[in-house]
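As a plain string of letters, each chain reads:
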Amino acid sequence: MTRFDERLDRIVARGEELQALLAEGLSGAAFSQASREFAELDPIVAKVNALRATEQAVQDTQALLDDPEMRSLAESELAELRRRIPELEHDIRIAMLPRDEADDRSAILEIRPAAGGDEAALFAGQMFGAYQRYADQRGWRFEILEYDESELGGLREGIASITGRGVFARLKYESGVHRVQRVPATESQGRIHTSTVTVAVLPEAEEVDVEINDNDLRIDVYRASGAGGQHVNKTESAVRITHMPSGIVVAMQEEKSQHKNRAKAMKILRARLYERNRAAAHETRAADRRSQVGTGDRSERIRTYNFPQGRVTDHRIGLTLYKIDKVMGGEFDEFVDALTQEEQAALLAMDED
């Protein structure tokens, strides 16, 4: 028996053990823990059972090869069964890979212009809209927490909460520097300009994930202001929260209510502190860092959007798509799927070392 088979037997045995425990009527924390573990193992157990059934079918079909009347049919069926076994084994190996515990969470999306002035701000606004359309396509809830519009209709800063199952798993690869190459509307000589925006995707944190001491917070209130002096509030509804131990500052003025702005600011602060803790944990695990496909480093140039040539290139995996209009329309799945597969392949290679 191979080491792989032994691992599968242990998984099946643990699944049966958990099923028996849950049938006995556990309660409280023990029930929650067992239910969570069983929910993670049950799909793998189903795949293992399918593999075992296929292996048994191979043995049963081989026995028919000695029957002249059944030989031709048996050979055809054997070929199909033997083809399925490596596919099932691969699916099981993927399912057994260590999961990012944040993958199932909702996410906080932050977009800001970087190099390029007004053109960068305009592209930041377009990217914000593209992610909103992507969220709509997947049935996620997209809530704008902050949208600071520039005088020319661009975006100085955009922050959104994207709620749904598995949001972070799909969007975590978007963190980094996104570069745009095109002729700005204000360019009279038709020269192509290069601008950049930064995208950060943070797993949304619950209060239990991050302990925040009120004494560590400095909270300032002030009057909100809009682009070009528009939408100015006459009351001090804007909120700025400084977490003094970390130096993280979150300012919020989207709502007219100081209470709502404070709640949104705390939501963002929790996400940033949670991600800070996650990043520190990853720093201590060299294997995790080797396996990452550019997830989370805001200084890394990850993608280029070339409008004159209609192409979008992801530099981490060398994938180029000549469908820039569709990508800007929110069709990111081709990139996300390829990045996910690349990450899985890297993890599988490490697992086999």
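Details of the structure are given in the entry above.
Residues numbered from 1 in each chain as written. Predicted model: local features only at pLDDT ≥ 70, side-chain atom pairs only at ≥ 80, totals over all residues. Heavy atoms only, no water.

K.L.:
What is the right way to read the overall build of the protein chain from this model?
P.N.:
Scanning the protein chain for helices and strands turns up nine helices and eleven strands. Computed over the C-alpha atoms, the radius of gyration of the protein chain is 26 Å, more than 25% above the 20 Å expected from 2.2 N^0.38 for a compact globule of 353 residues. Principal-axis analysis of the C-alpha atoms gives the protein chain an extent of 90 × 60 × 35 Å. Per-residue burial over the protein chain gives 42% buried out of 353 residues. At a minimum sequence separation of 6, the contacts of the protein chain that also span at least 24 residues come to 61%. On the protein chain, roughly 19100 Å² of surface is accessible, and the fraction owed to carbon and sulfur atoms is 46%. (Helix = DSSP H or I, 4+ residues; strand = E, 2+ residues; numbered from the N terminus. Rg over C-alpha atoms; globule rule 2.2 N^0.38 Å. Buried < 20%, exposed > 50% of the residue type's maximum accessible area, 1.4 Å probe, protein only. Contact = heavy atoms within 4.5 Å. Areas by Shrake-Rupley, 256 points an atom, 1.4 Å probe, with all protein chains shown as cover.)

K.L.:
Help me understand the pattern of salt bridges in this model?
P.N.:
Side-chain pairs of opposite charge can arise where the charged atoms are in close proximity. Tallying each qualifying case throughout the model produces 28 salt bridges. Arg272 is the salt-bridge partner of Glu110, the closest N and O atoms lying 2.9 Å from each other. Residue Glu110 is found in strand S1 (residues 107-113), and its partner Arg272 is found in helix H6 (residues 258-283); the two are separated by 162 residues along the sequence. Residues Glu110 and Arg272 agree in their burial class; the two are buried. A salt bridge links Glu275 to Arg278; the shortest N-O distance between them is 3.1 Å. With Glu275 and Arg278 both in helix H6 and three residues apart, the pair spans about one turn of that helix. On the basis of relative accessible area, Glu275 is assigned to the buried category, the value being 18%. Residues joined by salt bridges that share partners form a network here, namely Asp5, Asp9, Arg52 and Glu55. (Salt bridge = Lys/Arg side-chain N within 4 Å of Asp/Glu carboxyl O.)

K.L.:
What is the right way to read the packing of aromatic side chains from this model?
P.N.:
For any two aromatic rings, the description comes down to two numbers: the centre-to-centre distance and the angle of the planes. One pass over the structure, following the stated rule, counts seven aromatic pairs. On the basis of an interplanar angle of 90 degrees and a centroid distance of 6.5 Å, the ring pair of Phe123 and Phe307 is categorised as edge-to-face. Taken as a pair, Phe123 in helix H4 (residues 117-137) and Phe307 in the loop between strand S9 (301-306) and strand S10 (311-314) lie far apart in primary sequence, 184 residues in all. Taking relative accessible area as the criterion, Phe123 reaches 0% and is therefore assigned buried. One aromatic cluster is present, formed by Tyr131, Tyr134, Trp140 and Phe332 through successive ring pairs. Sitting over the ring of Phe307, Arg182 keeps its end group 4.9 Å from the ring centre. Positioned above the aromatic ring of Phe335, the side-chain terminus of Arg303 is 4.6 Å from the ring centre. (Phe/Tyr/Trp six-rings, centres within 6.5 Å; stacked < 30°, edge-to-face > 60°. Lys NZ or Arg CZ within 6 Å of the ring centre and 35° of its normal.)

K.L.:
Help me understand the pairing of strand S3 (residues 155-163) in this model?
P.N.:
Of the strand pairs in this sheet, S1 and S3 are connected by five bridges, and their pairing is antiparallel. Directly across from Ile108, in S3, lies its bridge partner Ser161. Pairing analysis gives eight bridges linking strand S2 (residues 141-149) to S3, with the strands arranged antiparallel. Looking at the pairing, Glu143 lines up with Ser161 of S3. (Pairing = 2+ DSSP bridges.)

K.L.:
Please explain the sheet that holds strand S5 (residues 193-203) as it appears in this structure.
P.N.:
Consider a sheet: its strands pair through backbone hydrogen bonds, and that pairing is either parallel or antiparallel. Read across the sheet, eight strands follow the order S2-S3-S1-S5-S4-S9-S10-S11 without closing on themselves; strand pairing throughout is mixed. Each having just a single partner strand, S2 and strand S11 (319-321) make up the two edges of the open sheet. In this sheet, neighbouring strand axes are inclined to one another by 15 degrees on average, regardless of whether the strands run parallel or antiparallel. (Axes fitted to C-alpha atoms, helices over the stretch in contact; angles between N-to-C directions.)

K.L.:
Even after reading the chapter, I still don't get the sheet that holds strand S7 (residues 238-243), so can you show me in this structure?
P.N.:
Strand order in the open sheet formed by three strands is S6-S7-S8, and the pairing between neighbours is antiparallel. Single-partner strands in this sheet number two, and they are strand S6 (217-222) and strand S8 (248-252). Looking at each pair of strands side by side, their axes are set apart by 15 degrees on average, direction ignored. Where S7 lies against S8, five bridges are found, and the strand directions are antiparallel. Opposite Ile241, over in S8, you have Val250 as the bridge partner.

K.L.:
Can you help me understand the side chain of Arg170 in this one?
P.N.:
Here Arg170 shows up in helix H5 (residues 167-171). Classification of Arg170 by relative accessible area gives buried; the value is 16%. Within the structure, the side chain of Arg170 is placed 3.5 Å from the side chain of Tyr134, a separation counted as a polar contact. Each residue touching Arg170, except ones within four places of it in the same chain, is listed here: Tyr134, Arg138, Trp140, Asp333, Val336 and Asp337. (Polar contact = N/O pair within 3.5 Å; in protein donor to acceptor, adjacent residues only side chain to side chain.)

K.L.:
How should the packing of helix H2 (residues 28-62) against helix H3 (residues 71-96) be read in this particular structure?
P.N.:
When two helices pack together, you describe them by how their axes are tilted relative to each other and by the distance separating the axes. Axis separation between H2 and H3 bottoms out at 9 Å; the angle between their running directions is 160 degrees. On the basis of their axis angle, the class for H2 and H3 is roughly antiparallel. As for the relative orientation of H2 and H3, their crossing is left-handed in sense. (Parallel < 35°, antiparallel > 145°, perpendicular 65-115°, else oblique. Left-handed = near helix turned anticlockwise from the far one by under 90°.)

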